[in-house]
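Structure at a glance
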Amino acid sequence: MGLISLATFFPVLGALIILFIPKEKLSTIKIIALVFSLGSLVVTTFLWTQYQYGMIGINDESQFQFVEHLAWIPAFHIEYFVGVDGLSFPMVWLTSLLGFIAVVASWNIPKAQKGYFALFLLLDTAMIGVFVSLDFFLFYVFWEVMLLPMYFLIGIWGGPRREYAAIKFFLYTLLGSVLMLLVMLALYFNVQDPVTGGHTFNMLHMMQQSNHNSWLSRFDVRFWLYLALFIGFAIKVPIFPFHTWLPDAHVEAPTAISVILAGILLKMGTYGILRISYPIFPDIAKYTSYALAVLGVINILYGAFVAMAQSDLKKLVAYSSVSHMGFVLLGMSVFTSAGINGAVFQMFSHGIITAMLFLIVGVIYDRAHHREINGFGGLAVSMPVYAGVASLAFFAALGLPGMTGFIAEALVFIGAFSVYRVLTIIAAFGIIVTASYVLWTVQRVFLGKLNPKYESIGDINGRELFTLVPLGLLTIFFGIYPLPILNMIKVSLNYLITLIP
Amino acid sequence: MIKLALFIWLLPLAAFVINILIGKRLPRKGDWLSVGAIGISFILSLIMLYRVLVDYDPNFLVQGSVPWIDLGVLKLNMGLYLDNLAVIIVTAVSTVSFLVHVYSIGYMEGDPLYNRFFAYLSLFSFSMLGLVMWDNLFGIYMMWELVGICSYLLIGFYFTKDSAANAGKKAFIVNRVGDFGFLIGLLIVISTVGSFNLTTIHQAVGQGVLHGGLLTAAGILLFAGAVGKSAQFPLHVWLPDAMEGPTPVSALIHAATMVAAGVYLMARLNFMLTFDAMLVVAYVGGFTSLFAATIAITQNDIKRVLAYSTISQLGYMIMAMGVGAYVAGFFHLVTHAMFKAGLFLGSGSVIHAMHHSMEKTGIHGDPNDMRQMGGFRKKMPYTHITFVIFSLALSGIPFFSGFLSKDAILGGTLAFAMSQSNPIHYLLPTFGFVAAIITAFYMFRLIINTFYGKPKNESLFKHIHESPKVMTIPLMALAFLSLYFIYTIPSISPAGPEGGWFTHLIERPISAVATQLGHPVLFIPEHTEHAAHVNGMLISIIFALTGILLAYLFYYWKKIDVEKFTQRIKPLYALSFNKYYMDELYQATVVSGLLLWNQMLAWFDLHVIDGIVNGSAWVVRNFSFMDGWIDKYIVDGLVNLVANMTLAFGKSVRKIETGQIQNYILGAVLGAFFIIILTMI
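Residues numbered from 1 in each chain as written. Chains lettered and ligands numbered in written order. Predicted model: local features only at pLDDT ≥ 70, side-chain atom pairs only at ≥ 80, totals over all residues. Heavy atoms only, no water.

Okay, the overall build of chain A next. Within chain A, the secondary structure is distributed over 21 helices and two strands. Expected size for 501 residues packed as a compact globule is a radius of gyration near 23 Å; at 22 Å, chain A falls within 12% of this value. Along the longest, intermediate and shortest principal axes, the C-alpha atoms of chain A span 75 × 60 × 40 Å. Expressed as a percentage of the 501 residues in chain A, the buried residues total 68%. Within chain A, residue pairs in contact and separated by at least 24 positions form 79% of the contacts whose partners lie at least 6 positions apart. (Helix = DSSP H or I, 4+ residues; strand = E, 2+ residues; numbered from the N terminus. Rg over C-alpha atoms; globule rule 2.2 N^0.38 Å. Buried < 20%, exposed > 50% of the residue type's maximum accessible area, 1.4 Å probe, protein only. Contact = heavy atoms within 4.5 Å.)

Often, the extent of an interface is quoted as the loss of accessible area upon association of its parts. Facing 61 residues of chain A, the contacting portion of chain B comprises 48 residues. Between chain A and chain B, a total of about 4,600 Å² is buried, with carbon and sulfur atoms accounting for 73% of that surface. Taken together, the links from chain A to chain B amount to one salt bridge. When the shortest N-O distance is used, the salt bridge between A:Lys168 and B:Asp610 registers 2.6 Å. Joining chain A to chain B, the criterion identifies 16 residue pairs in polar contact (both at pLDDT 80 or more). At nine residues, helix H19 (residues 430–446) of chain A tops the list of elements feeding residues into the side of chain A that touches chain B. For the side of chain A that touches chain B, the residue count by class is 41 nonpolar, 15 polar and five charged. (Buried area = accessible area lost by both parts, 1.4 Å probe. Salt bridge = Lys/Arg side-chain N within 4 Å of Asp/Glu carboxyl O. Polar contact = N/O pair within 3.5 Å; in protein donor to acceptor, adjacent residues only side chain to side chain. Nonpolar A, V, L, I, M, F, W, Y, C, P; charged D, E, K, R; others polar.)

Counted according to the given criterion, the structure contains 86 aromatic pairs over all chains. Each ring, one from A:Tyr116 and one from A:Phe117, has its centre 5.2 Å from the other, and the planes form 85°; the classification is edge-to-face. Per residue, the accessibility class of A:Tyr116 equals that of A:Phe117, and both read buried. Taking 6.4 Å as the distance between ring centres and 80° as the angle between the ring planes, the aromatic pair formed by A:Tyr302 and B:Phe604 counts as edge-to-face. Note that A:Tyr302 is positioned in helix H12 (residues 289–309) and B:Phe604 in helix H27 (residues 582–654), a pairing that runs across two chains. (Phe/Tyr/Trp six-rings, centres within 6.5 Å; stacked < 30°, edge-to-face > 60°.)

Looking at chain B, pLDDT values average 89 and 100% of them are 70 or higher. For this predicted complex, the interface score ipTM comes out at 0.92, while the overall pTM is 0.92. (pLDDT = per-residue confidence, 0-100.)

Now for the pairing of strand S1 (residues 61–70) of chain B. All names here are of chain B. Two elements, S1 and strand S2 (residues 75–83), share nine bridges in a ladder whose sense is antiparallel. From the neighbouring strand, Gln63 faces S2, where its bridge partner is Tyr81. Connecting S1 to the next strand, S2, in antiparallel fashion are four residues, including Gly72 with a positive phi near 90°. (Pairing = 2+ DSSP bridges.)

Another aspect to go through is the domain arrangement of chain A. All names here are of chain A. Partitioning chain A into domains gives domain 1 (1–281) and domain 2 (288–501). The C-alpha centroid of domain 2 is placed 23 Å from the C-alpha centroid of domain 1. Of the roughly 4,400 Å² buried at the junction of domain 1 and domain 2 (both faces included), carbon and sulfur atoms supply 80%. For the pair domain 1 and domain 2, the interface holds zero salt bridges. Joining domain 1 to domain 2, the criterion identifies 12 residue pairs in polar contact (both at pLDDT 80 or more). For the side of domain 1 that touches domain 2, the secondary structure elements donating two or more residues are helix H3 (89–105), helix H8 (219–236), helix H9 (245–252) and helix H10 (255–280). When residues of the side of domain 1 that touches domain 2 are assigned to their parent elements, the largest contribution, 13 residues, is made by H10. (Domains from an automatic or database assignment.)

The next subject is empty space enclosed by the protein. All told, the structure shown has eight cavities of 30 Å³ or more when counted by the stated rule. The volume enclosed by the largest cavity comes to roughly 100 Å³. Together, A:Leu398, A:Gly399, A:Phe406, A:Glu409, A:Ala410, A:Phe413, A:Ile431, B:Phe138, B:Tyr141, B:Glu145, B:Arg176 and B:Leu183 line the largest cavity. Mapped by element, the contributors of at least two residues to the lining of the largest cavity are helix H17 (404–417) of chain A together with helix H5 (137–155) and helix H6 (162–192) of chain B. Looking at which element gives the most residues to the lining of the largest cavity, the answer is H17(A), with four residues. Residues of the lining of the largest cavity, tallied by class, amount to eight nonpolar, one polar and three charged. (1 Å grid on protein atoms, 1.4 Å probe; cavity = no way out; pocket = protein on both sides within 12 Å on 5 of 7 lines; lining within 4 Å. Points joined across faces, edges and corners; volume = space filled by probe spheres on them.)

Counting across every chain of the model gives 17 salt bridges over all chains. For A:Arg161, the salt bridge goes to A:Asp248, with nearest N and O atoms at 3.4 Å. Here A:Asp248 lies in helix H9 and A:Arg161 lies in the loop between helix H5 (136–157) and helix H6 (162–190), a separation of 87 residues in the sequence. The salt bridge partner of B:Asp241 is B:Arg304, with a shortest N-O separation of 3.5 Å. Highlighted residues: B:Asp241 in helix H9 (residues 238–241) and B:Arg304 in helix H13 (residues 302–323), separated in sequence by 63 residues. Taken together, the shared-partner salt bridges connect A:Arg161, A:Lys168, A:Asp248 and B:Asp610 into one network.

Once that is clear, we can look at the packing of helix H11 (residues 261–268) of chain B against H13(B). Residue and element names in this part refer to chain B. At a closest axis distance of 10 Å, the pairing of H11 and H13 adopts a crossing angle of 5°. Relative to H13, the element H11 lies roughly parallel. Of H13, the residues touching H11 (which contributes Gly262, Val263, Met266 and Ala267) are Leu314, Met317, Ile318 and Met321. By residue class, the composition of the contact of H11 with H13 is seven nonpolar, one polar and no charged. (Axes fitted to C-alpha atoms, helices over the stretch in contact; angles between N-to-C directions. Parallel < 35°, antiparallel > 145°, perpendicular 65-115°, else oblique.)

Take H17(A) next. Residues that lie three or four places apart on an α-helix share one face, since the helix turns once every 3.6 residues. Compared with an ideal rise of 1.5 Å per residue, which puts 14 residues at 20 Å, H17(A) spans 20 Å between its outermost C-alpha atoms and is within 8% of the ideal. Taking burial as the measure, the 14 residues of H17(A) include 14 buried ones, the bulk of the element. (Expected span 1.5 Å × (residues − 1).)

Inspection of the secondary structure assignment puts B:Thr298 in the loop between helix H12 (275–296) and H13. Ignoring sequence-local partners within four residues, the contact set of B:Thr298 consists of B:Arg445, B:Tyr573, B:Ser576 and B:Phe577.

Here the focus is a nonpolar patch on the surface. Taken together, the side chains of B:Phe623, B:Met626, B:Trp629, B:Ile630, B:Tyr633, B:Ile634, B:Val635, B:Leu638, B:Val639, B:Leu641 and B:Met645 make up a nonpolar region of the molecular surface, amounting to roughly 1,100 Å² of accessible area. Here B:Val639 shows up in helix H27. (Patch = residues over 30% accessible without salt bridge, like charges linked within 9 Å, V, L, I, M, F, W, Y side chains within 5 Å. Areas by Shrake-Rupley, 256 points an atom, 1.4 Å probe, with all protein chains shown as cover.)

Residues and elements named next belong to chain A. One way to put it is that helix H2 (residues 26–50) packs onto H3 with a least axis distance of 9 Å and a crossing angle of 155°. Considered as vectors, H2 and H3 are oriented roughly antiparallel to each other. Viewed along their axes, H2 and H3 form a crossing whose handedness is left-handed. Contact with H2, carried on its side by Ala33, Leu34, Ser37, Leu38, Ser40, Leu41, Thr44, Thr45, Leu47 and Trp48, involves Phe89, Val92, Trp93, Ser96, Leu97, Gly99, Phe100, Val103 and Val104 of H3 and no other residues of that element. A per-class count over the contact of H2 with H3 returns 13 nonpolar, six polar and no charged. (Left-handed = near helix turned anticlockwise from the far one by under 90°.)

Following this line, the structure appears as structure tokens:
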């Protein structure tokens, strides 16, 4: 068993152990969850130190790193095939990081802790699994395994409308999964394994256009398959108009689950498009690129406008995610080096920044037990440290230079402008709207006269700072020195765009 | 040199990081760290300036860069670009910043967030110094945003006041509107030139890589950034509100340095402005200079008068950049930084005194209101003297620095108008000269109202005291820097800056557009320039003196009744007093429009988009109910029917099974008979 498998399955091992511990032993359960999520982070961090920066990946197995390639269900050509390249590794590392931080953030979860942490660790494994899978069937299995714990985590530990939100999330995502399943099967039956001549679930074989049979080479077939796959991923991103599950799920989910939802799950949508749709159907990707760019711009502006109208702080942050994911879409729709690197960098950057924002909402919700923006005011007086950390996160969200969001957005703009001039100008309008809703929110929550209700509210505690400070430092570090990430992703992504005709 | 510059730049950053994290626990709350850092930067910048002066080469240039982002196609480097322009402005920034830091020790004493104030000042100094030293537009844009956020934090420093919180937000958002243009300009540059480096852009524009309408558009869009940052019409609305910040901040950020960043940008990019772009720049600047001056006359808040004056003076500089009076515009940037910082610090000294007096007497009121002042001359001698010096400099009176630079701008504008065939361009010098009268007028209105005459509020007046030395010494230093000869050495002629080190070191860069087209874009013959300069000087002296005289007639000798006069021009007065209702206009259109639009979209999102989602769920649910009904009553009904029928049949047949043997025998016998009969037939 290799290190990738270790990183993937370490959390679920913890879940198994938790199942054997009586539910009264709370601290043991928590410590096991902590240790096993941390273990995964340690392994992925070690992998980073071993990472070969020059290797491409994408569609060549020899260019992937830490590959494990074993037969799993040979009768149906299903393999256990995992590995990482520049596209997936930042996401793998981010997942293990946020998985660990989310465990810390879940420390005071009020009920049924045993079930919660067991499910959470299962979720952690599934998420890492999605990012390392190179076999479509394996990918699909992890994708589905992820859904189930998520459903319960929202539906049992969530807010007042948790059941509605959980079912909406589940069904919506399931719709996407069904479409993905259909495409997967269509590919399975129509792609030939160049070695054995049989069917294959190997994604890399599917990317070789010469392995496609004549049916799969027909434009209309390819178009509909691409579209079905795209909708499956679009729901996850979420791309307008498939985004309405997001505010509900976010608002009802417990803090740590919102962090995971926004930080990791949304990225799976764009990751899937880049990992699967683009290399398998490069011609259709090109054909539909303008539409994707338009959708990206809609996401950016629509998300920002609607965010500004929200009165619930968590909903506002949720819509800001819609807006920020628009940059990913715009960047990846143009097939320029700056654009696509900016897009993936934004996936990483937004993962960190939005995680901070949701943690920040959680801090205040734990104390005030509500999230009405207008119900706060002047909190910077009674919670100065919290206000400082929150301002940092909000500034990161509005794309302040010196933090990752700025680099990502700047690269996307640079990459997109040379291709779609007018669209980029419209998208750039988003920087004004973003500044408006961010600063307006900061003002209503932290500035002005202190709301007398919150005179004696406690400032942020050590555990909460422990979840926020590392993320804050990362946004600043990679905002000033983005090279470790950019050097990793650029080799793979620059190659990926050469596949597009 | 590069190493020196790096120290100048990064020392304040180090002070910021330490102060924001542990400043509260340091002795004296860490003010010495920030002051020390900028103090060393100041000394180092003097060394740098000294080297430049020893060199005395107009083409002095040191560059150094390191690779930063490299995506293969796109390469971004980080580097410094130190020419005379940069060195001079770095010195000016660090000088003003250092003096303001020192002054703040006294002004901010006892503030609960004392350490944070110094931390923000340090962050600002870092960003501002970076802005003027970077060698590429991307870096400039980054620092541009950072000074913006510092400005936001410092304007909203007294954040429990709603007006302060609002002002900070407004400043940042209005600036972002300008930055939107800036960003598009940057994108045009990178998509055509392929680099943000200033030298590379210069070459590329010279070779015609970026040309024609797109070049004009790039110039105007980049200028939009300057319109925001330098508070030019129509994005000037944030600067007066920015006066909500502590006064040292107004002096440093909103008078001397950050707001001049727009002018700096236009100076840096002067080489790529086409004639059309320059016209836009000139007219925006010229109009702003007059427009803001007309508002300044009627304001009663001492800082607001100065704020509008700043807008107006920035307009002068911008106009200078537009008419090709590059040297004059940049010169005014430097001299204005000194005397306007001085004016703000002086007004801060007055406000400080007012504030303490109000605390002592228990009077609640606005310490900035000139209608509560008067006669402060005797109580605050140092503040008074220095304030007069700054005002004379601002009004453009000979022997003071402002005379040299402002006069050069007016001369340059006149020369531009004279060299153009279209007489409409005489509008530009007209803007400038009229604004000059008004400037002298409102400055002396301010001085007379504050320092002369009888105290308007005796009880307040009793407790007015001169500020501590830590505040007056920076004032004196700035007053000294407002004297003319500082800028004309080695020449000591008070008539103009010619022959001085400043005009020797700063030269108008060769226009890359001209190189591209092969002929000058804007050509002003030498004799025209000379004639314009002499005329301009005479007119501007006369106009400045007229303005001062008018102020004395109105407010000191009271020969003209102010009340009566304002009654007679009531509509005009109301327009000026209410700042032409620009804020109200923006509130009613842009702000309300945006909020309404957001609400509409949110409604659409909740009821239409999500409505479709929930609607389809409803359809599916009802379909399955119906399906369930069919299943239950029709499909299952059929099944049950079959079962029931079987059951009923069974039931009826069961009756035969009586359990009595005689019945069965009877049946058997009858059956046997039946079979026998059947076989017999």
